[in-house]
Structure formats: C-alpha cells, structure tokens
Number of protein chains: 2
Amino acid sequence: MRIAVDAMGGDYTPGIMIEAVQMALAEIPDLEVLLVGHTGKLAYYLERYHLAPSKRLELVHAATVVEMSEPSTTSLRAKKDSSITVCADLVKAGRAAAVVSVGHTGAAVAATKVRLRTLPGVDRPALATLMPSITPSGKAIVVDVGANTECTPANLAQFAIMGELYSQLMLKIERPRVGLLSVGGEDAKGNDLTKNAFQILSKMPINFIGNVEGHDIFNGHCDVIVCDGFVGNVMLKSCEGLARATFHWMKQAFKKNAVRFTGALLAKDAFQDLKQISDSEEFGGAPLMGIKGVCIIGHGASSPKAAKNAIRVADTFLKLGLNDKIVQRVNECGVNTPNGALLAESADKK
Amino acid sequence: MRIAVDAMGGDYTPGIMIEAVQMALAEIPDLEVLLVGHTGKLAYYLERYHLAPSKRLELVHAATVVEMSEPSTTSLRAKKDSSITVCADLVKAGRAAAVVSVGHTGAAVAATKVRLRTLPGVDRPALATLMPSITPSGKAIVVDVGANTECTPANLAQFAIMGELYSQLMLKIERPRVGLLSVGGEDAKGNDLTKNAFQILSKMPINFIGNVEGHDIFNGHCDVIVCDGFVGNVMLKSCEGLARATFHWMKQAFKKNAVRFTGALLAKDAFQDLKQISDSEEFGGAPLMGIKGVCIIGHGASSPKAAKNAIRVADTFLKLGLNDKIVQRVNECGVNTPNGALLAESADKK
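These figures come from a predicted structure and were not determined experimentally.

A short note on the overall build of chain A
Step number 1: Per the secondary structure count, chain A includes 12 helices and 11 strands.
Step number 2: Its C-alpha atoms give chain A a radius of gyration of 21 Å, near enough to 20 Å, the size a compact globule of 350 residues would have.
Step number 3: Taking contacts inside chain A between residues at least 6 apart in sequence as the whole, the part at least 24 apart equals 73%.
Step number 4: Entry remark: accessible area of chain A is about 13700 Å², with carbon and sulfur atoms responsible for 53%.
Step number 5: Between the mean site of the 38 positive side-chain charges and the mean site of the 35 negative ones, chain A shows a separation of 2 Å.

Printed below as a string of structure tokens:
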C-alpha cells in the first residue's frame, strides 16, 4: 500500500511525522510512503532522524503549507502547491491510495473533497470522529463533524452507512447501534432535516435505534451517531472546550489548600488516565469518508504515536476495502445517489 | 409581585417546592405565590412543612401533572388540567405575572408559548441557559437551547437581544460580548442560517464579536452565545453528558489503587467545588424569554435553594421590567417582527 503523508501540516511537523513514518514502516512491512513537503527541509530532517529515502520512502516536493490560521479554502486557491494539495493530487494521479495529515482539518477536507470527488453513489463525504463513551469498545463514532454545513436527509442516511462500516471494521462491533442526533428521544422530535432522515433510516437494513440526544454520545446508548456537519462540529468543539475548562477548574480547586493539593498529587496518575480517555492517540485520526481514496486527518498536536496510528488506520482501510464496502452498502440500502434523494423527497411529502 | 408556582412538576415535588416557596416568601417581602397542584395533596404537605395558606400564599387546583416521560405537547392536549398549564392560564388571566416550574421543560415551553404568546415585535420565544465559563462572571448565556428546532435569521437577531438583556440585568455585564455559534471564527463560516444572521447581527447596535465556536462557550471569549434551538439543545445535552461521563471515568480511575484513592479522598472538597461549577443552584433556572409573562424553568432535580432562586429570578425579571426592555430594544435595533424578517430577506439576496 502506498500512502501520501503530509509532512508539513501540523504543530510539530516535520519532526513528529518523520518519527511516525519511521514507526509505521517498521510496523507495516508492505507500506510505502510518499513523504510530501519541502524536499530540502525534509532531506535535512531525515538525516537528523537517521532515515534515508528508499524504495519504500520517497520524497515529493511541495513548496508551501496551509497554516492553521489560514482559511480552509487556502488549499484550493492561494496555495495550490501546499503539502496537503500535493498529497490529494498524488492520490488523484494514482501514485498513492491514501492521504494522511495532521495539518489544518478544513484545508485537508477541502483539498481531498474537491480533488478526489466522492465515491459512486455517495453524494457528500463526511468527517467521522471517535468520542469516548461508556461502551464496551470505549468509543462511539460521530458522523459528520464538519465536512458539510448543510445536509440533506439522504446525506445523513449515507453517513449512517459510513459510520456503521467504520464501527464494524475498526471497532469490531458486529451490529453497531445507529442513532440519529436530535433534541429528544421520541420519534417525532427534531427539525425538518432529522424528521425526514428518520423516515429513511428506519427503513434501512441497519440497526437503527431512533433519535438519540447529546448525552447518548457518552452514555453507551449507541455506537454510531449521525448528524449534519454543523451540529456535529459545534458538539465536538463544545465538548473539547468543556474538557479543557474542566481541567482548568480542577487545577484551581486543587490549589485552594494544601490538603487538596496533596490529594491531587497522590491521585496524579488517575488524571493521566482521564486525559488519555479524551486523547485519540490510539485511534490516530478522523477519517474523511466517502471520497475516492482514503484520507485520515489527525489532530494538529498529534504525538508521533498518534500520527503513526493515523497511517495504520489508512493502511487498514485500504486493506479491508472500506470504499468498496461503502459503495456496495449504499446501493444495498437503496440510499445511493440519486436514489436517496428521491426517497427523501417522498418522505418529505408524508 | 404575584407568581404562579408549579408545585407538582419535577423529581422531588411538592416537597422541595414548598420549601422553596417558604424561603422565597421570607426573602422577598412583597412576593405573593399561587401554589398550583392537587390542592388536597398540597394542603396535606403544607401542614407537614408548617406552612398555611394566607393572603400571600394561595392554593390553586390542578388535577394532573405532566410526567417527565410524557411528550411535551401533553400540557396542551391530553392534560389541559396539568399544573403547568394551569400556571400558564393564571398568567394569561392576569392573576399572576410569572410562572416558575421545575417540571418537564418541553411541557412548560409548550404551555407558556401557546397560552401566553410572544411579546409585540417578537416572533419566537427562546430558552436561555447559563453555562459555566472562564469569564469574570463565571457564566455565559446561551440562547436558544431548545424552544425552537427551526429558526430564521431574524429569530437569532431577537435571541441576541434577549441574551444581551439577561446578561445586563442578571449578570451586571454592561456591554455583553455577543457571539454567533458557528463552525469557525471567520466571518464567512457557517450554514445558510448563521451566514444570514451574521449580516443582521453585524449591523445591530450591540457588541457583536462575530462567529464563535463551541469551545468559546467556556473559554471566556464571550458573554452571550446565540444559536438555533436544535444546535443549542444538542450542545447543552452533549456537555451535560460529557460532564457526567467525566465524573464516572474519574471515579473508575481513582479506584485503580489505594494511593490514588487516598489522594481522591483528600481532594474530595475540590470535586465538590467542581460539581458546583456545573450546578445552576445560584441562578435557579432557565428563562423562556420573549413571551407575554415571565417563565422560569428549573432543573427537574432542583434543590429547594435552586427552586427558591428560580422564584427570585422571576421576581427580579418582573421588577426590572425585562419584557418592556425586550420590546423596546427589539424595536430600537430594527429587528422587531416583521422588520427583522425583511432584513433577513435582503441579507439573503446579497
């Protein structure tokens, strides 16, 4: 499997990405990497990390990088020579089968979405992310968390399939429980979008458990949560913000007196455990699903291990034939484009 | 000020509500309460709590109560004689100026929304809630968290005014920073609704700081966060779910060995502090703003103190003339209905 790795996007690149690639090459015997970035800079760092270009590790030049502070569309407009855009182009040209980046999420979505297009029968790609949850697997997957700000009911039906397959292939859950994120558990609750999506989802041969609420993401009630990308993104960032604020408040509370402070020191490892629950190290990154090719986007502050795992996830997706399975399942469920849209229309009329 | 208090809705009623009323009557000299519920039951409990009906405390009969498990519309359809519906009717008839309930939120919203209608110039009421935040006030207000699943840009503009006034009157913030909840900080980010709302908000004489993201609710970046009720409700419930899950994970982590467990025992008070941050005891409840009358909805598991504070908030709203101020400010900002809708239409065409 040949994977294009964006060596430049992210907070600690190229260093952490070179370490990640080193680990990944050792772990996956048939892996080949196209390391994309400023080749002069990369050559310098490769030497520092005692790594040399080889048949399995080729450098590909990209003059620029999309900075975290720039708008998402930079990858398509002002910086067509950026590392993420070059990665997408390598997949488009058939030189690589997947893209892995820990850079600007929006830029990666924009570049791969536009350059690679969607799979046959799939209308829109979706960004999936794993949230910590009180399930046996410890994780629930939410689709979409930001690839689309406007969605149709048919889009949500397709997202459900992507989430189901992710859950089956990566978390080994045989019959994932799929919930539709809404404002109440009753069937009739929701906005126009979710009400129409509910109609479609309840007719699909998936384990659809109906509407779920925000707290059901964490309480183990379901394995896959489907929502539009606007709602998913607000949810994700609110929860990230709350988690950060909680650690802040906790520190403040511990500092109030010596007894508390001593207690906190003794329980220190427990807080490390807690931090790890919200870390996505093990799972490596958020896949953009539904495009022709595989694209895994890791957190900007990913560790080498997290970035290595993102490469491993991309490799696994390719080996398991995730994309073929998405195409097949979308057809099987009768929600392939344009079928899904017609279904949605008839649901709307009811 | 005369306030109709729903004595039946909620997890620990009528007990906690009777205690709350007792405290409120002692705290607010000019307060009069119409205690609404099954009068037989209430009379029995009043005696137990050494309280007697008086000029300031009158019992009003309501045969039923909307249970937490029932749909929101129960208050309007199957149970027109429920305590919350009777409360709304008392305001409608001019016998009380406000409703306070710790019962079913959806039922309270439905009953007061439909029975009391909106203020002149206001198109839709909104449910406001205080979230813990790293601001000097320690709180940020989010409007709407669930009264409306579909909103127009003009609705959001009116919600901004309600949030601004709440922040000014209750949190004493002179010029609250108002943010529009979206998926990115840049002006052009968002869905159709927020993009159009952005146009209107940026022209209003309020301290509009532009788009904000989920984490900005907690990081002290703004005082008022505006969103549609679907997004706000998902955000609120996700955060509640995460907070609960965090305490669960924390307990598990502490139990792993004796050192951690001892540490946790020593730091016990700190966790109490942390719990209090997320508790809304001090602020008493979520107001449904924009209706003719005042309606404060407390948490189902409210303590007597929290319920008492909900009564105090209602009393303060009445005394400060919140509703007159909403009407005035909505007009002042040119977003009164139907003006706001026309504004939105012209923004849409741009």
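Notes on the pattern of salt bridges
Step number 1: Taken as a whole, this structure holds 28 salt bridges over all chains when the rule is applied.
Step number 2: A salt bridge links R260 of chain A to D273 of chain B; its shortest N-O distance comes to 2.9 Å. Highlighted residues: R260 of chain A in helix α8 (residues 258-266) and D273 of chain B in helix α9 (residues 268-278), drawn from two different chains.
Step number 3: On the basis of relative accessible area, D273 of chain B is assigned to the buried category, the value being 19%.
Step number 4: Residues E27 of chain B and K308 of chain B are paired through a salt bridge, measuring 2.9 Å at the closest nitrogen-oxygen approach. With E27 of chain B in helix α1 (residues 15-27) and K308 of chain B in helix α10 (residues 304-320), this residue pair connects regions lying 281 residues apart in the sequence.
Step number 5: Each of E27, K308 and R312 of chain A takes part in salt bridges that share partners, so that together they form one network.

Observations concerning the relation of the copies chain A and chain B
Step number 1: Each copy superposes on the other: chain A lies on chain B with an RMSD of 0.0 Å after a rotation of 180 degrees and an axial shift of 0.0 Å. Interpreted geometrically, this transformation is the action of a two-fold axis. For chain A, the smallest separation between a C-alpha atom and the rotation axis is recorded for G263 of chain A, amounting to 1.8 Å.

Digging into the pairing of strand β7 (residues 178-181) of chain A
Residues and elements named next belong to chain A.
Step number 1: Across the two faces of β7 the burial is the same, with V178 and L180 and G179 and L181 all buried.
Step number 2: Here 4 bridges tie β7 to strand β8 (residues 208-212), and the two strands are oriented parallel to one another. Residue pairing across strands places L181 opposite V212, the latter belonging to β8.

What to know about the sheet that holds strand β1 (residues 2-6) of chain A
All names here are of chain A.
Step number 1: Strand order in this open sheet of 11 strands is β3-β2-β1-β4-β11-β10-β5-β6-β9-β7-β8, and the pairing throughout is mixed. Of all the strands in the sheet, the pair left with one neighbour each is β3 (57-61) and β8. On average, each strand axis in the sheet is tilted by 25 degrees relative to the strand beside it, whichever way the strands run.

Some remarks on helix α5 (residues 153-170) of chain A
Residues and elements named next belong to chain A.
Step number 1: With 18 residues, α5 should cover 26 Å at 1.5 Å per step; its first-to-last C-alpha distance of 26 Å lies within 8% of that length.
Step number 2: Among the 18 residues in α5, 17 count as buried, and that is most of the element.
Step number 3: After α5 finishes, the residue K172 shows a positive phi value of roughly 60 degrees.

Some words on the packing of α5 of chain A against helix α11 (residues 322-332) of chain A
Residues and elements named next belong to chain A.
Step number 1: Axis separation between α5 and α11 bottoms out at 10 Å; the angle between their running directions is 135 degrees. The angle between the axes of α5 and α11 places the two elements in the oblique class. Considering the relative orientation of α5 and α11, their crossing is right-handed. Each of Q158, I161, M162, E164, L165 and L169 in α5 lies in contact with α11, whose residues at this interface are L322, K325, I326, R329 and V330.
Step number 2: The residue inventory of the contact of α5 with α11, partitioned by class, reads 7 nonpolar, 1 polar and 3 charged.

Quick word on the interface of chain A and chain B
How big an interface is tends to be stated in terms of the accessible area lost upon association of its parts.
Step number 1: Taken together, the contact between chain A and chain B spans 55 residues of the former and 55 residues of the latter.
Step number 2: Roughly 4600 Å² of surface becomes buried between chain A and chain B when both sides are summed, with 71% attributable to carbon and sulfur atoms.
Step number 3: Counting across the chain A and chain B interface gives 6 salt bridges.
Step number 4: Linking chain A with chain B are 16 residue pairs in polar contact (both at pLDDT 80 or more).
Step number 5: Contributions of two or more residues to the side of chain A that touches chain B are made by α6 (192-201), α7 (229-254), α8 and α9 (268-278) of chain A.

Considerations on the packing of helix α5 (residues 153-170) of chain B against α10 of chain B
All names here are of chain B.
Step number 1: Packing of α5 against α10 leaves a shortest axis separation of 11 Å and a crossing angle of 100 degrees. On the basis of their axis angle, the class for α5 and α10 is roughly perpendicular. In this structure, α5 contributes Y166, L169 and M170 to the contact, and α10 contributes V313, T316, F317 and L320.
Step number 2: Of the residues assigned to the contact of α5 with α10, the class counts are 6 nonpolar, 1 polar and no charged.

Looking at helix α1 (residues 15-27) of chain A
Residue and element names in this part refer to chain A.
Step number 1: End to end, α1 covers 19 Å across 13 residues, agreeing with the expected 18 Å (1.5 Å per residue, within 8%).
Step number 2: Listed as buried for α1 are G15, I16, M17, I18, A20, V21, A24 and L25.
Step number 3: Packed against the buried residues of α1 are β1, β2 (32-37), α2 (39-48), β3, β4 (98-101) and α10 (304-320).

Overview of unusual backbone geometry
Step number 1: A cis geometry characterises the amide bond from T337 of chain A onward to P338 of chain A, with omega recorded as 5 degrees.
Step number 2: With respect to the helices and strands, P338 of chain A occurs in the loop between α11 and α12 (339-349).
Step number 3: Although it is not a glycine, H50 of chain B adopts a positive phi angle of roughly 55 degrees.
Step number 4: Its place among the elements puts H50 of chain B in the loop between α2 (39-48) and β3 (57-61).
Step number 5: Accessibility expressed as a relative area gives 73% for H50 of chain B, which makes it exposed.

Conventions adopted
Residues numbered from 1 in each chain as written. Chains lettered and ligands numbered in written order. Predicted model: local features only at pLDDT ≥ 70, side-chain atom pairs only at ≥ 80, totals over all residues. Heavy atoms only, no water. Helix = DSSP H or I, 4+ residues; strand = E, 2+ residues; numbered from the N terminus. Rg over C-alpha atoms; globule rule 2.2 N^0.38 Å. Contact = heavy atoms within 4.5 Å. Areas by Shrake-Rupley, 256 points an atom, 1.4 Å probe, with all protein chains shown as cover. Lys, Arg positive; Asp, Glu negative; His and termini not counted. Charge placed at Lys NZ, Arg CZ, Asp CG, Glu CD. Salt bridge = Lys/Arg side-chain N within 4 Å of Asp/Glu carboxyl O. Buried < 20%, exposed > 50% of the residue type's maximum accessible area, 1.4 Å probe, protein only. Least-squares fit on C-alpha atoms with pLDDT ≥ 70 in both. Pairing = 2+ DSSP bridges. Axes fitted to C-alpha atoms, helices over the stretch in contact; angles between N-to-C directions. Expected span 1.5 Å × (residues − 1). Parallel < 35°, antiparallel > 145°, perpendicular 65-115°, else oblique. Left-handed = near helix turned anticlockwise from the far one by under 90°. Nonpolar A, V, L, I, M, F, W, Y, C, P; charged D, E, K, R; others polar. Buried area = accessible area lost by both parts, 1.4 Å probe. Polar contact = N/O pair within 3.5 Å; in protein donor to acceptor, adjacent residues only side chain to side chain.

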